[in-house]
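# Structural features, examined
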Amino acid sequence: ETGVTQSPTHLIKTRGQQVTLRCSSQSGHNTVSWYQQALGQGPQFIFQYYREEENGRGNFPPRFSGLQFPNYSSELNVNALELDDSALYLCASSSRTSGGDTDTQYFGPGTRLTVL
Amino acid sequence: AQSVTQLGSHVSVSEGALVLLRCNYSSSVPPYLFWYVQYPNQGLQLLLKYTTGATLVKGINGFEAEFKKSETSFHLTKPSAHMSDAAEYFCAVSKSGGYNKLIFGAGTRLAVHP
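Residues numbered from 1 in each chain as written. Chains lettered and ligands numbered in written order. Predicted model: local features only at pLDDT ≥ 70, side-chain atom pairs only at ≥ 80, totals over all residues. Heavy atoms only, no water.

Within soluble globular proteins, side chains that are nonpolar tend to cluster in buried spots. The biggest cluster of nonpolar side chains holds 26 residues, and the ones touching the most others in it are Trp35(B), Leu47(B), Leu48(B), Phe74(B), Leu76(B) and Tyr89(B). At the level of secondary structure, the elements contributing two or more residues to this core comprise β2 (10-14), β3 (19-26), β4 (31-38), β5 (44-50), β7 (64-68), β8 (73-78), β9 (87-95) and β11 (108-113) of chain B. Sequence-distant contacts of Phe74(B), defined by excluding residues within four places in its chain, comprise Cys23(B), Leu33(B), Phe34(B), Trp35(B), Leu48(B), Lys49(B), Tyr50(B), Val57(B), Ala65(B), Glu66(B) and Phe67(B). In terms of nonpolar packing, the next biggest core, distinct from the first, is built from 19 residues, Val32(A), Leu76(A), Ala87(A) and Val115(A) among them. (Core = buried A, V, L, I, M, F, W, Y, C linked by side-chain atoms within 4.5 Å. Buried < 20%, exposed > 50% of the residue type's maximum accessible area, 1.4 Å probe, protein only. Helix = DSSP H or I, 4+ residues; strand = E, 2+ residues; numbered from the N terminus. Contact = heavy atoms within 4.5 Å.)

Glancing now at the sheet that holds β8(B). Backbone-to-backbone hydrogen bonds pair the strands of a sheet. The strands run either parallel or antiparallel. Residue and element names in this part refer to chain B. What the five strands build is an open sheet, ordered β1-β3-β8-β7-β6; its pairing is antiparallel. Two strands in the sheet have a free side with no partner beyond their single neighbour: β1 (3-7) and β6 (56-58). The sheet shows a mean angle of 20° between the axes of neighbouring strands, direction not considered. Bridge count between β7 and β8: five bridges; the pairing is antiparallel. Each bridged residue has a counterpart across the sheet, and for Lys68 the counterpart in β8 is Ser73. (Pairing = 2+ DSSP bridges. Axes fitted to C-alpha atoms, helices over the stretch in contact; angles between N-to-C directions.)

The next thing to look at is the interface of chain B and chain A. With 20 residues of chain B at the interface, the matching set in chain A holds 22 residues. Both faces considered, chain B and chain A share a buried interface measuring about 1,600 Å² in area, 52% of it formed by carbon and sulfur atoms. Put simply, chain B and chain A have zero salt bridges between them. Here chain B and chain A share four residue pairs in polar contact (both at pLDDT 80 or more) between them. Only β4 and β5 of chain B provide two or more residues apiece to the side of chain B that touches chain A. At four residues, the largest contribution of residues to the side of chain B that touches chain A is made by β4(B). Taken together, the residues that form the side of chain B that touches chain A break down as ten nonpolar, eight polar and two charged. (Buried area = accessible area lost by both parts, 1.4 Å probe. Salt bridge = Lys/Arg side-chain N within 4 Å of Asp/Glu carboxyl O. Polar contact = N/O pair within 3.5 Å; in protein donor to acceptor, adjacent residues only side chain to side chain. Nonpolar A, V, L, I, M, F, W, Y, C, P; charged D, E, K, R; others polar.)

Residues and elements named next belong to chain A. Mapping Ser27 onto the fold places it in the loop between β3 (19-24) and β4 (31-37). Ser27 gets classed as partly exposed once you look at its relative accessible area, which sits at 43%. Ser27 sits 44 residues away from Asn71 along the chain, and the two C-alpha atoms are 9.7 Å apart.

To continue, consider the sheet that holds strand β7 (residues 64-68) of chain A. All names here are of chain A. Ordered in space as β1-β3-β8-β7, the four strands form an open sheet in which the pairing is antiparallel. The open sheet terminates on both sides in strands that have one partner only, identified here as β1 (5-7) and β7. Ignoring which end each strand starts from, the neighbouring axes of this sheet average 20° apart. Here five bridges tie β7 to strand β8 (residues 74-78), and the two strands are oriented antiparallel to one another. In the sheet register, Phe64 faces β8, and the bridge partner there is Val78.

As a further point, take the packing of aromatic side chains. The full count for this structure, using the stated rule, is 13 aromatic pairs over all chains. Relative to Phe104(B), the ring of Phe90(B) lies with its centre 6.3 Å away and its plane at 90°, an arrangement referred to as edge-to-face. Of the two residues, Phe90(B) sits in strand β9 while Phe104(B) sits in strand β10 (residues 103-104), which places them 14 residues apart along the sequence. Through successive ring pairs, a cluster of aromatic residues spans Tyr35(A), Phe45(A), Phe107(A), Phe34(B), Tyr36(B), Phe90(B) and Phe104(B). (Phe/Tyr/Trp six-rings, centres within 6.5 Å; stacked < 30°, edge-to-face > 60°.)

The next point concerns the pattern of salt bridges. In a structure, side chains of opposite charge can pair up when their charged atoms sit close to one another. Residue and element names in this part refer to chain A. Scanning all chains against the criterion turns up seven salt bridges over all chains. Between Glu82 and Arg63 there is a salt bridge, with its nearest N and O atoms 3.3 Å apart. A residue pair is termed long-range when its members are at least 10 positions apart, and Glu82 in the loop between β8 and β9 (87-94) and Arg63 in the loop between β6 (53-57) and β7 qualify at 19 residues. Owing to a relative accessible area of 39%, Glu82 belongs among the partly exposed residues under this scheme. Under the relative-accessibility criterion, Arg63 is labelled buried at 17%.

Residue and element names in this part refer to chain A. With an omega dihedral of -10°, the bond running from Ser7 to Pro8 counts as a cis peptide bond. For Tyr72, which is not a glycine, the phi torsion comes out positive at approximately 75°. Note on Tyr72: relative accessible area 36%, which makes it partly exposed.

Spelled out as structure tokens, the structure:
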């Protein structure tokens, strides 16, 4: 059983640029959630994808968007980067399917984004 | 709305001493409660979870936590600290069905001294 993977591990961008982060969910999981963890803080929920549709969103502006693909992998896109977007971006996979492990979200190692 | 408060942003213990990390939650529905650990430059690893049933839950690496509804608490304990326990610990709450969004506390950094 493969775990959650994310790419890239590190990324440096400048203000105003756009970035795409990628996540492959754990085998058997059909739900992907994205979190932003600023330095010294707990992770904050950005949004969740299930069946290729956004299924819940936290307090993040529309320039944060995402996709989920038929194989359940996901992308997080951030447009018009701001300095405050510098953070560790975490992807978590889980299952909404009864009979599966619906209780737990499993996290990837994260992508460290630095905006200069 | 749900929220989590972790008392003490930094906790320091001696190797072999009791570890106690405090977590209080607020939830209008029966909560699912989690403790995750984060080692430097890594993602989050699940330590343990409470969903329903037995209120004392055991996790990995000798950690356990007790759900106390009357106190809205879910404190994490370990009888004897090890140097390898030094890390950041996060308490989180979600609505029933753990696939729902997690609301995290601000975290507690645990230092273990020889």
